[in-house]
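Residue strings, one per chain:
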Amino acid sequence: GPVESVGSWDLAAGEQESLLSIDSNVRRGLKRVRAEGVFNAPRASNLPVLQDSQQKAPLPDAGGPQSVQSMSQLLDKLAKENQEIRLMQAELQAHKEDLQALLHRSEGEAAAAGAQQQSLAAENAQLRA
């Protein structure tokens, strides 16, 4: 099918450093996620599913200026998609960390509630005696 033009991806040096920093943080987070087996979890239903036509883009014929332009457009599109993937990965990592913090907090609250219940039971037993 026709290739969509997505524009140029020339980034300022600061933007490149920022993306590289995000990318390295995402890679570290992904290593932790893989080690913890999170990728065995069911796939989120709101993530886009690539169609076969998106997975296997036809390569333009080598030679002409149109093929160079098509290749450039494909590379621009891939760069944009890669950036979107990196941002989604960073977002997933942030959500994972938020969920872990909530889990730890709720575990702490449950432990405190259990200790309070034991204390009240002991006090109740003393009052009955």
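Treat the numbers as computed from the prediction; the structure is a model and nothing was measured. (Residues numbered from 1 in each chain as written. Predicted model: local features only at pLDDT ≥ 70, side-chain atom pairs only at ≥ 80, totals over all residues. Heavy atoms only, no water.)

Student: Looking at this structure, how should I read the overall build of the chain?
Tutor: Of the regular secondary structure elements, the chain holds three helices and zero strands. When its helices and strands are written in sequence order, the chain yields α-α-α. A total of 129 residues make up the chain; the buried ones form 10% of that total. Sequence-distant contacts in the chain: of pairs separated by 6 or more residues, those separated by 24 or more amount to 73%. Accessible surface computed for the chain: about 10,600 Å², of which carbon and sulfur atoms make up 55%. (Helix = DSSP H or I, 4+ residues; strand = E, 2+ residues; numbered from the N terminus. Buried < 20%, exposed > 50% of the residue type's maximum accessible area, 1.4 Å probe, protein only. Contact = heavy atoms within 4.5 Å. Areas by Shrake-Rupley, 256 points an atom, 1.4 Å probe, with all protein chains shown as cover.)

Student: Would you mind showing me how to read the confidence of the model for the chain here?
Tutor: If pLDDT is low for a region, its predicted coordinates should not be looked at in detail. Here the chain averages 74 in pLDDT, and 51% of its residues register 70 or above. Ranking the elements of the chain by mean pLDDT puts helix H2 (residues 52–55) last, at 50, and helix H3 (residues 65–128) first, at 95. Under a pLDDT of 50 for its full length, residues 1–11 has, in the predicted model, 15 contacts with residues more than four places off or in other chains. (pLDDT = per-residue confidence, 0-100.)

Student: Got a minute to help me understand a nonpolar patch on the surface in this structure?
Tutor: On the surface, Met71, Leu75 and Leu78 cluster together to form a nonpolar patch covering roughly 260 Å² of accessible area. Within the fold, Met71 resides in helix H3. (Patch = residues over 30% accessible without salt bridge, like charges linked within 9 Å, V, L, I, M, F, W, Y side chains within 5 Å. Salt bridge = Lys/Arg side-chain N within 4 Å of Asp/Glu carboxyl O.)

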